[in-house]
Amino acid sequence: MMPTTPHQLCPICASHSFHPFLECEDQLVSHKKFLLQKCTTCNLLITTPQPLVSEIGEYYLSENYISHTDGKRNLFDVLYKFVRGQMLKKKRTLIQKCSTGRKILDFGCGTGEFINEMKTHGWIVSGVEPSPVARQRAEEKKLEIAESLDSLKENSFDVISLWHVLEHLHNPNEYLEKFHQLLKQNGTLVVAVPNPESYDASVYKDHWAAYDVPRHLWHFSHSNMKRILDQNGFQLLLTTPMVYDSYYVSLLSESYLHPNRIKILQAAKAFFNGMISNLRAKKSTNYSSLIYIAKRCD
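Residues numbered from 1 in each chain as written. Predicted model: local features only at pLDDT ≥ 70, side-chain atom pairs only at ≥ 80, totals over all residues. Heavy atoms only, no water.

Considering the state of the cysteines
Part 1 of the reasoning: Counted according to the given criterion, the structure contains zero disulfides.
Part 2 of the reasoning: Left without a disulfide partner, Cys10 is nearest to the cysteine sulfur of Cys42, which lies 3.5 Å away.
Part 3 of the reasoning: Of the cysteine sulfurs around Cys24, a residue in no disulfide, the closest is that of Cys39, at 18 Å. (Disulfide = S-S within 2.5 Å.)

Right, dumping it as structure tokens:
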């Protein structure tokens, strides 16, 4: 039995009041059930119980956790790597528009694909990745990756990026405070997280792959993100979608919901739901994943 702990305090509004929202299964490792609780004050969704910091790594020990293994064994891996390749240039272009400096830290850099892209285009890059498996893959790309933030100097980065990482952190406020210290004056923070208010989340419910319990501890809406950034010294400037995520997340969700369905039928249904999600989001702005771009305020 992997140790877990119930969550007692909302990290956004400090409320102690929650009500049950949805029960989800860990589809990758333990197949245990976890409850999503909703804060009655700010509506943040919280995974409970949460694995202890010392034990959370056990929930990543799966060959199917593609961002750590860099695998390419099946349809999902191939699609993930295709989407990642398409997104690398988009991420770089977005960041180049948001920053005049060229020194970047990617926190939770996984196997290092993003910082390798930035390095190739003249950026001074640093990466932090706690997973030894992912760090080894990154180091094979001739990248120097730290295990933690401890060795990094304050006021030294123009940009800090977190691509689907904030939702994994046990103490998001502590990390955001640290990122504020590490950024230069008017530095840029870029945070991408899944959006539980998206159409594909409403379709797949407890099988929505982006809940990814218990690895995802928090499930941030747009209002949640704005508030947690504000209270940690950041001004939200721009929110922009990751349009490919609806397709990949829907495909993975289909495999959870209908594991015995023919793959081509899974893919067709996933494409349809992903497309509808993006079309609806053009009006609602609730895309499957959102990128939040904020400036450090002093």
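Re unusual backbone geometry
Most peptide bonds take the trans form, and the phi angle of most residues other than glycine is negative.
Part 1 of the reasoning: The peptide bond linking Thr48 to Pro49 adopts the cis configuration, its omega dihedral lying at -5°.
Part 2 of the reasoning: Within the element layout of this structure, Pro49 appears in the loop between strand E4 (45-48) and strand E5 (50-51).
Part 3 of the reasoning: Residue Pro214 is reached from Val213 by a cis peptide bond, and omega for that bond is -5°.
Part 4 of the reasoning: Within the secondary structure layout, Pro214 lies in the loop between helix H6 (199-204) and strand E11 (218-219).
Part 5 of the reasoning: Phi angles above zero are rare outside glycine, and Asp212 is one such case at about 40°.
Part 6 of the reasoning: Relative to the helices and strands, Asp212 is located in the loop between H6 and E11.
Part 7 of the reasoning: Despite not being glycine, Thr285 shows a phi value in the positive range, around 70°. (Helix = DSSP H or I, 4+ residues; strand = E, 2+ residues; numbered from the N terminus.)

As for the packing of helix H8 (residues 245-257) against helix H9 (residues 263-284)
Part 1 of the reasoning: The geometry of H8 relative to H9 is characterised by a closest axis approach of 8 Å and an angle of 140° between their N-to-C directions. The angle between the axes of H8 and H9 places the two elements in the oblique class. At the point where H8 passes H9, the crossing takes the right-handed sense. Mapping the contact onto sequence places Ser246, Tyr247, Ser250, Leu251, Glu254 and Ser255 in H8 and Gln266, Ala267, Lys269, Ala270, Phe271, Asn273, Gly274, Met275, Ser277 and Asn278 in H9.
Part 2 of the reasoning: Split into classes, the residues belonging to the contact of H8 with H9 amount to six nonpolar, eight polar and two charged. (Axes fitted to C-alpha atoms, helices over the stretch in contact; angles between N-to-C directions. Parallel < 35°, antiparallel > 145°, perpendicular 65-115°, else oblique. Left-handed = near helix turned anticlockwise from the far one by under 90°. Contact = heavy atoms within 4.5 Å. Nonpolar A, V, L, I, M, F, W, Y, C, P; charged D, E, K, R; others polar.)

Structural notes on the packing of aromatic side chains
Part 1 of the reasoning: This model, assessed by the stated rule, comprises seven aromatic pairs.
Part 2 of the reasoning: Each ring, one from Tyr247 and one from Phe271, has its centre 5.3 Å from the other, and the planes form 25°; the classification is stacked. With Tyr247 in helix H8 and Phe271 in helix H9, the pair connects residues that are 24 residues apart, well separated along the chain.
Part 3 of the reasoning: Among the aromatic residues, those joined into a cluster by ring pairs are Phe107, Tyr175 and Phe179. (Phe/Tyr/Trp six-rings, centres within 6.5 Å; stacked < 30°, edge-to-face > 60°.)

Focus: the pairing of strand E13 (residues 289-296)
Part 1 of the reasoning: The buried fraction of E13 is high, at seven of eight residues.
Part 2 of the reasoning: Alignment of strand E10 (residues 183-194) against E13, held across seven bridges, turns out to be antiparallel. Bridge assignment links Ala192 to a residue of E13, and that residue is Ile291. (Buried < 20%, exposed > 50% of the residue type's maximum accessible area, 1.4 Å probe, protein only. Pairing = 2+ DSSP bridges.)

A short note on the sheet that holds strand E3 (residues 33-39)
Part 1 of the reasoning: If you trace the four strands from one edge of the open sheet to the other, you get E2-E3-E4-E11, paired in antiparallel fashion. The outermost strands of the open sheet, each flanked by one partner alone, are strand E2 (18-25) and E11.
Part 2 of the reasoning: Bridging between E4 and E11 involves two bridges; their strand directions are antiparallel. Bridging across to E11, Leu45 finds its partner in His219.

Some points on the pattern of salt bridges
Side chains that differ in sign of charge can pair as their charged atoms come close.
Part 1 of the reasoning: Counted according to the given criterion, the structure contains nine salt bridges.
Part 2 of the reasoning: Lys141 serves as the salt-bridge partner of Glu113, at 3.3 Å between the closest nitrogen and oxygen. Here Lys141 lies in the loop between helix H4 (132-139) and strand E8 (145-146) and Glu113 lies in helix H3 (residues 113-120), a separation of 28 residues in the sequence.
Part 3 of the reasoning: When the shortest N-O distance is used, the salt bridge between Asp230 and Lys226 registers 3.0 Å. Within this pair, Asp230 and its partner Lys226 are both found in helix H7 (residues 222-230), separated by four residues, close to a single helical turn.
Part 4 of the reasoning: Several salt bridges share partner residues, and in doing so they unite Asp26, Asp212 and Arg215 into one network. (Salt bridge = Lys/Arg side-chain N within 4 Å of Asp/Glu carboxyl O.)

Some points on a nonpolar patch on the surface
Part 1 of the reasoning: A cluster of nonpolar side chains, Ile262, Ile264 and Leu265, forms an exposed patch at the surface whose accessible area comes to about 320 Å².
Part 2 of the reasoning: Among the secondary structure elements, Ile262 is positioned in the loop between H8 and H9. (Patch = residues over 30% accessible without salt bridge, like charges linked within 9 Å, V, L, I, M, F, W, Y side chains within 5 Å. Areas by Shrake-Rupley, 256 points an atom, 1.4 Å probe, with all protein chains shown as cover.)

Thoughts on the pairing of strand E9 (residues 157-163)
Part 1 of the reasoning: For E9, the buried fraction is high: seven of the seven residues fall into the buried class.
Part 2 of the reasoning: Pairing of strand E6 (residues 103-107) with E9 involves three bridges; the strand directions are parallel. Following the sheet pairing, Leu105 is matched in E9 by Ile160.
Part 3 of the reasoning: In this fold, E9 hands off to helix H5 (residues 172-182), which returns the chain to E10; that crossover is right-handed. (Right-handed = clockwise from strand over helix to strand, strands pointing away.)

Looking at the sheet that holds E13
Part 1 of the reasoning: With mixed pairing, seven strands are arranged side by side in an open sheet as E8-E7-E6-E9-E10-E13-E12. The two strands at the open ends of the sheet, each matched to only one other strand, are E8 and strand E12 (234-241).
Part 2 of the reasoning: Sheet topology places E12 next to E13; seven bridges connect them, and they run antiparallel. Across the sheet, Phe234 pairs through a bridge with Arg296, a residue of E13.
Part 3 of the reasoning: Packed on one face of the sheet, H7 meets E10, E12 and E13 and runs near 150° to E12.

Keep in mind these numbers describe shape, not what the thing actually does.
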